[in-house]
Amino acid sequence: MIRLGGLVAAGRTSDVYEYGAGSVIKVPRPSVPESWAAREAHYTSAVHALGAPAPAVRDVVCVDGRDAIVFERVDGRSLWQHVADEPDRAAAHGRVLADVHRQIFSVGLPLDVEGLVDRMRLKLDAAEVLTEDERNAAKRTVDGLPRGAALLHGDLHPGNVLMSERGPVAIDWFDAAIGHPVADVVRSSLLLRDFGRERPHLPGASAAVLTRLHDGYVEAMASCVAAPADVVGAWEGVVAASRLAERAEADESSLLTLWRDSRQRGPTPAVVPLIER
């Protein structure tokens, strides 16, 4: 029988508990599809073996009839907790996030991690808030974008980085994929922006702190978004559209606006949308 220890963290889809000596166990909520835990364990093991800043996977075990993942315990507060405690240093913490992201891009390509384009097409099909015409248009846009070949985290923000003694460790690799780095930078940029409402993954964030955090991150990642403005703009639109399938935002209107604006803007925006105010 599996014995769970104290609650370490509670997320939108899973809870993390202490588990024996030096381990934690991530237990998916009942609403999470059965296959998700095994997939996250596989992806995390693959990127860890490659040298990415990821925790080691120790086992996949059964808790209440469902798979749960046993990870090494990474001691340290999240980067977001550091931001919350030191809001005046938010830009510097944004640069730390950029350092982690560049490290992920540099480690090479793990085996058996699917391509970003296929993943995004599935998400777009599941984005019920979009019309059928919009879903088809978004998929055509994704198919026409440069595919790239880098390891992408898929959900990198300060809440998913633990600041350990050995350095930053990125967690929650469920959305890892192989694809274009610009897509992953755009994704993180969207996760850091102030949309004028609560961001559930960054609890308690103020507009001023988010602005400093976002700008510090984007400025540090400038070399990774050396792409034509129309390409960056197209990625921004389809990344926003695909996030709608996750139903992770309390208010999805900003994502819808980003997608619909990108569609109206056409192929030649005047500025690079990643850093547009």
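Structure report, in brief. (Residues numbered from 1 in each chain as written. Predicted model: local features only at pLDDT ≥ 70, side-chain atom pairs only at ≥ 80, totals over all residues. Heavy atoms only, no water.)

Comments concerning the overall build of the protein chain
(1) Moving on: For the protein chain, the helix and strand inventory stands at nine helices and nine strands.
(2) Moving on: Relative to the globule expectation of 19 Å for 277 residues, the C-alpha radius of gyration of the protein chain, 18 Å, shows essentially globular dimensions.
(3) Moving on: Taken over the C-alpha atoms alone, the protein chain extends approximately 60 × 40 × 35 Å along its principal axes.
(4) Moving on: Counting over 277 residues, the protein chain shows a buried share of 51%.
(5) Moving on: Expressed as a percentage of contacts within the protein chain between residues at least 6 apart in sequence, the contacts between residues at least 24 apart total 70%.
(6) Moving on: When the accessible surface of the protein chain is summed, it comes to about 12500 Å², and 51% of that surface belongs to carbon and sulfur atoms.
(7) Moving on: Treating the 31 positive side-chain charges of the protein chain as one cloud and the 39 negative ones as another, the clouds have centres 1 Å apart. (Helix = DSSP H or I, 4+ residues; strand = E, 2+ residues; numbered from the N terminus. Rg over C-alpha atoms; globule rule 2.2 N^0.38 Å. Buried < 20%, exposed > 50% of the residue type's maximum accessible area, 1.4 Å probe, protein only. Contact = heavy atoms within 4.5 Å. Areas by Shrake-Rupley, 256 points an atom, 1.4 Å probe, with all protein chains shown as cover. Lys, Arg positive; Asp, Glu negative; His and termini not counted. Charge placed at Lys NZ, Arg CZ, Asp CG, Glu CD.)

Comments concerning the side chain of Glu134
(1) Moving on: Considering the arrangement of structural elements, one finds Glu134 in helix H5 (residues 132–144).
(2) Moving on: Here Glu134 falls in the buried class, since its relative accessible area comes to 6%.

Things to note about the packing of helix H6 (residues 181–192) against helix H7 (residues 207–220)
(1) Moving on: Two elements in contact, H6 and H7, have axes whose closest approach is 9 Å; the angle formed by their N-to-C orientations is 165 degrees. The pairing of H6 with H7 is recorded here as roughly antiparallel in orientation. Classified by chirality, the crossing of H7 by H6 is right-handed. For the pair H6 and H7, the contacting residues are Asp184, Val185, Ser188, Ser189 and Leu192 in the first and Leu210, Leu213, His214, Tyr217 and Val218 in the second.
(2) Moving on: Here the contact of H6 with H7 is built from residues that sort into six nonpolar, three polar and one charged. (Axes fitted to C-alpha atoms, helices over the stretch in contact; angles between N-to-C directions. Parallel < 35°, antiparallel > 145°, perpendicular 65-115°, else oblique. Left-handed = near helix turned anticlockwise from the far one by under 90°. Nonpolar A, V, L, I, M, F, W, Y, C, P; charged D, E, K, R; others polar.)

Here we look at the nonpolar core
(1) Moving on: With 66 residues, the main nonpolar core has Leu130, Leu151, Trp173, Tyr217, Trp235 and Val238 as its most contacted residues.
(2) Moving on: With eight residues, the single largest contributor to this core is helix H8 (residues 229–243).
(3) Moving on: Setting aside its immediate chain neighbours within four residues, Tyr217 contacts Gly94, Arg95, Leu97, Ala98, His101, Asp184, Val185, Ser188, Ser189 and Leu192. (Core = buried A, V, L, I, M, F, W, Y, C linked by side-chain atoms within 4.5 Å.)

Section: the sheet that holds strand E5 (residues 66–72)
(1) Moving on: Pairing is antiparallel across the open sheet formed by five strands, whose spatial order is E1-E2-E3-E5-E4. Here the strands that pair on one side only, and so sit at the sheet edges, are strand E1 (7–10) and strand E4 (57–63). Across the sheet, the axes of successive neighbouring strands diverge by a mean angle of 25 degrees, strand direction being ignored.
(2) Moving on: Note: E1 against strand E2 (residues 14–18), three bridges, orientation antiparallel. (Pairing = 2+ DSSP bridges.)

As for H6
(1) Moving on: Given a rise of 1.5 Å per residue, 12 residues ought to cover 16 Å, and the 17 Å separating the end C-alpha atoms of H6 matches this to within 8%.
(2) Moving on: In terms of burial, H6 is largely enclosed, as 11 of its 12 residues are buried.
(3) Moving on: Along H6, the residues classified as buried are Val182, Ala183, Asp184, Val185, Val186, Arg187, Ser188, Ser189, Leu190, Leu191 and Leu192.
(4) Moving on: Those residues of H6 that are buried are in contact with helix H3 (90–106), helix H4 (116–126), strand E6 (150–152), H7, H8 and helix H9 (253–265). (Expected span 1.5 Å × (residues − 1).)

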